[in-house]
Amino acid sequence: MKNTTIEYFNEKAQKCFDDAFTITERTNQDHFLSYLRPNAHILDFGCGSGRDSAYFSEKGFEVTSTDGSSEMCRLASQYLHKEVRCLEFNELNEENKYDAIYASASIMHLEYEKLIEVFPKIAKALKKDGIIYVSFKYGENDGYLGKRYYTYMNEKRFAEMMAQFENLSVIEQGIFGNEHPGQPDFRWLYAYIRKID
């Protein structure tokens with residue numbers, strides 16, 4: 001079955017863009033930045049609206065922004081006043097380039113098997129000691145909500161997945177609550193991962 005997530009974001013791009021700016025909390029972003037040296041190079045991997053890319057840039061970091069939806073790239077490019085590269089997650093093909101990769105509520109839209117394939121690409125794109133931030137909806141039953149696909153994570157499943165990657169070490173993880181006012185309550189699993197060779 002075809003993953004229709006990108007199709008959804010192309011169709012609903014303006015709504016998704018507008019909704020992103022209803023979230024003003026920056027705790028997660030600030031904590032991510034606390035792991036980085038000044039002026040570090042960040043890949044905002046699945047940047048959506050570009051909201052977080054803009055915040056990182058304002059804080060003095062070098063930011064490369066990508067998204068798989070051409071319409072989200074168009075809107076984010078206009079907002080950021082720079083090109084947002086249209087790139088599906090499995091198309092990442094860089095080596096030793098980034099100090100950090102920020103994948104907030106993004107790679108969770110890949111099927112589990114595709115997710116397993118993307119983590120080595122992420123590791124390859126990172127410099128040694130680079131940091132990855134990821135977040136997933138909390139749970140274990142993968143599938144579609146409308147046209148968007150979700151791979152869910154709980155502590156056990158996440159640990160089993162990360163055990164497959166010898167050069168990646170989870171240095172922090174936890175659970176946080178719903179950030180979207182007016183939407184059904186749900187929780188997120190987040191993690192900070194370091195490339196160790």
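Residues numbered from 1 in each chain as written. Predicted model: local features only at pLDDT ≥ 70, side-chain atom pairs only at ≥ 80, totals over all residues. Heavy atoms only, no water.

## Here's the deal with unusual backbone geometry
- Unusually for a residue other than glycine, Ala105 sits at a positive phi of about 50°.
- Among the structural elements, Ala105 can be located in the loop between strand 4 (98-103) and helix 6 (112-125).
- Given the relative accessible area of 27%, Ala105 is considered partly exposed.
- Even without being glycine, Asp129 reaches a positive phi, approximately 70°.
- Within the secondary structure, Asp129 is located in strand 5 (residues 126-137).
- You can call Asp129 partly exposed: its relative accessible area is 42%. (Helix = DSSP H or I, 4+ residues; strand = E, 2+ residues; numbered from the N terminus. Buried < 20%, exposed > 50% of the residue type's maximum accessible area, 1.4 Å probe, protein only.)

## Concerning the sheet that holds strand 3 (residues 85-86)
- Reading across from one edge, 3-2-1-4-5-9-8 is the order of the seven strands in this open sheet, with mixed pairing throughout. Looking at strand neighbours, the two that pair on one side only are strand 3 and strand 8 (168-176), the edges of this open sheet.
- Taken together, the seven bridges between strand 5 and strand 9 (residues 188-195) define a ladder with antiparallel strand orientation. Along strand 9, the bridge assignment pairs Ser135 with Tyr190.
- Those strands touched by helix 4 (residues 51-58) are strand 1 (41-45), strand 2 (62-67) and strand 4, and its axis lies near 175° from that of strand 2. (Pairing = 2+ DSSP bridges. Contact = heavy atoms within 4.5 Å. Axes fitted to C-alpha atoms, helices over the stretch in contact; angles between N-to-C directions.)

## Overview of helix 2 (residues 13-20)
- Taken together, the buried positions of helix 2 are Ala13, Cys16, Phe17 and Ala20. Around the axis of helix 2, the buried residues are gathered within 100° of arc, so they sit on the same side.
- Residues of helix 2 that are buried sit in contact with helix 1 (5-11), helix 4 and helix 5 (70-80). (Arc of directions from axis to C-beta.)

## Structural notes on the side chain of Ser49
- With respect to the helices and strands, Ser49 occurs in the loop between strand 1 and helix 4.
- Looking at Ser49, the relative accessible area reads 6%, which means it is buried.
- Polar contacts involving the side chain of Ser49 include one to the main-chain amide nitrogen of Arg51, which spans 3.1 Å.
- When residues no more than four places from it in sequence are discounted, the contact partners of Ser49 are Phe17, Ala20, Phe21, Met72, Ala76 and Tyr79. (Polar contact = N/O pair within 3.5 Å; in protein donor to acceptor, adjacent residues only side chain to side chain.)

## A word on the packing of helix 2 against helix 5
- For the pair helix 2 and helix 5, interaxial distance at closest approach is 9 Å and the crossing angle is 45°. By the angle between their axes, helix 2 is oblique relative to helix 5. The crossing of helix 2 and helix 5 is right-handed. Here helix 2 contributes Ala13, Gln14, Cys16 and Phe17 to the contact with helix 5, which in turn contributes Glu71, Met72, Leu75 and Tyr79.
- A class-by-class count of the residues in the contact of helix 2 with helix 5 yields six nonpolar, one polar and one charged. (Parallel < 35°, antiparallel > 145°, perpendicular 65-115°, else oblique. Left-handed = near helix turned anticlockwise from the far one by under 90°. Nonpolar A, V, L, I, M, F, W, Y, C, P; charged D, E, K, R; others polar.)

## With respect to the nonpolar core
- Phe32, Phe45, Ile107, Phe119, Val134, Phe158 and Met161 are the most contacted members of the largest nonpolar core, which totals 52 residues.
- Ignoring any residue separated from it by four or fewer positions in sequence, one finds Val134 in contact with Ala103, Ile107, Phe119, Phe158, Leu189, Tyr190, Ala191 and Ile193.
- Core analysis: the next-biggest nonpolar cluster, separate from the first, contains seven residues, Tyr8, Ala13, Phe17 and Met72 among them. (Core = buried A, V, L, I, M, F, W, Y, C linked by side-chain atoms within 4.5 Å.)

## Thoughts on helix 7 (residues 155-162)
- Within the sequence span of helix 7, burial applies to Arg157, Phe158, Met161 and Met162. The buried residues of helix 7 occupy an angular sector of 125° when projected down its axis, which confines them to one face.
- On the buried face of helix 7, the contacting elements are helix 6, strand 5, strand 8 and strand 9.

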